[in-house]
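Notes for the structure review
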Amino acid sequence: MMPNKFIAPSLLSADFIRLESEISMINSSEADYLHLDIMDGVFVPNITFGWPIIEQINQICTKPLDVHLMIVQPERYIQQFINAGAHFLTVHLEASTHLHRTLTSIREAGAKAGVSINPHTPVSALSEVLDLVDLVLIMSVNPGFGGQSFIKNSLEKIKQLSQMRKQGNHSFLIEVDGGVNLENANLLFDAGAEILVAGNAVFKSENPSETIILLKYRNL
Ligand code: DX5
Ligand code: ZN
C-alpha cells in the first residue's frame, strides 16, 4: 500500500481575478495536483467552466490536473477534457448510465480514470468497477459549492473503501473532496485516503502554501 499523502488544492475557491498568481503559488507549493471542478448546472446546482479554460490553465500549471466532472452524461466529453490536459479524469457514478464503458474509454483515451460517489451513495455500489479505476473520489459534501461542512460518515466510507481495496488487491488511490481542513486532514489520511482536495482551507487561508504543508504533514 502506498504510504503517500497528497494535496490537491481546488481552484474553485481561488481568486479568479488573480488566476495567474494563484496558479504560480500552486506551482511553487507542495501541492501535488491542481483540482478543477467542472459543473454543468444540471448534475449540480452550479456552473463553472469547461475545457477551453482547462487548456489555458494547463499552459501555465506545472502540477498534474485533477479534473472532477460534475456533469450529466460525462461520456460525451471525455476526449475534449483529456486533450485539454486532464491527468485524472473523474466522473460521477450517479451521472453515467454505462459507467463501465465510460471508465474504460477514459483509460483508452490515455488518462487516469476516476470515479466519484455522492454522500448518499454507498461504497458497495463501486464493487464492479474497482478494477477499472485509478482513483476513487469520495464526496464528503453534496457537490456544487466550496466552503461546506464535512459530512461525518464520509470517514466511515473511506475506511470501508480502504478495506475493499485491500481485500480485492486493487491499486486505485482514494481521494476525499469537501470540507477538508486542518482539523480533519490527518484523520482522513489515517482512514486510508491518499489525496485530500482542499478549496477554502487553502485559498481562504492567510498563507496558502504554508497551509498546504500543514495539511500534508501536520500531526494533530
Ligand atoms: C464541491 C467541489 C469541491 C470544492 C471543495 O462540489 O467538488 O472540490 O471545491 O471545496 P472545500 O474544500 O472548500 O469544501
Ligand atoms: Zn471537486
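Residues numbered from 1 in each chain as written. Chains lettered and ligands numbered in written order. Predicted model: local features only at pLDDT ≥ 70, side-chain atom pairs only at ≥ 80, totals over all residues. Heavy atoms only, no water.

**Focus: the nonpolar core**
What counts, and what does not: Residues enter a nonpolar core if they are buried and are Ala, Val, Leu, Ile, Met, Phe, Trp, Tyr or Cys, with the set joined through side-chain atoms within 4.5 Å. Whether a residue is buried, partly exposed or exposed follows from its accessible area with a 1.4 Å probe, protein chains only, as a fraction of its type maximum: under 20%, in between, or over 50%, in that order.
Within the largest apolar cluster, 61 residues are counted, with the highest numbers of intra-cluster contacts made by V67 and L103. Counting residues in each nonpolar core, the second largest holds eight residues, with F6, Y33, F88 and L135 among its members.

**Remarks on the sheet that holds strand β8 (residues 195–198)**
The line we're drawing: Two strands are counted as paired when DSSP detects at least two bridges linking them. Only runs of H or I of at least four residues qualify as helices and only runs of E of at least two qualify as strands under DSSP, and these elements are numbered from the N terminus. Here an axis means a line fitted to C-alpha atoms, over the contact stretch when the element is a helix, while the angle between two N-to-C directions is reported on a 0 to 180 degree scale. In this description, contact between two residues means that some pair of their heavy atoms is separated by no more than 4.5 Å.
Judged by pairing direction, the sheet is parallel, and its eight strands sit side by side in the order β1-β8-β7-β6-β5-β4-β3-β2 without closing on themselves. Across the chains shown, the open sheet's two edge strands, defined by having one partner strand only, are β1 (6–9) and β2 (34–39). Taken pair by pair, the neighbouring strands of this sheet meet at an average axis angle of 25°, ignoring direction. When strand β7 (residues 173–177) meets β8, the two strands line up parallel, connected through three bridges. Bridging from a neighbouring strand, E175 pairs with I195 of β8. Helix α4 (residues 99–108) contacts β4 (86–92) and β5 (112–117) of the sheet and is inclined by roughly 145° relative to β5.

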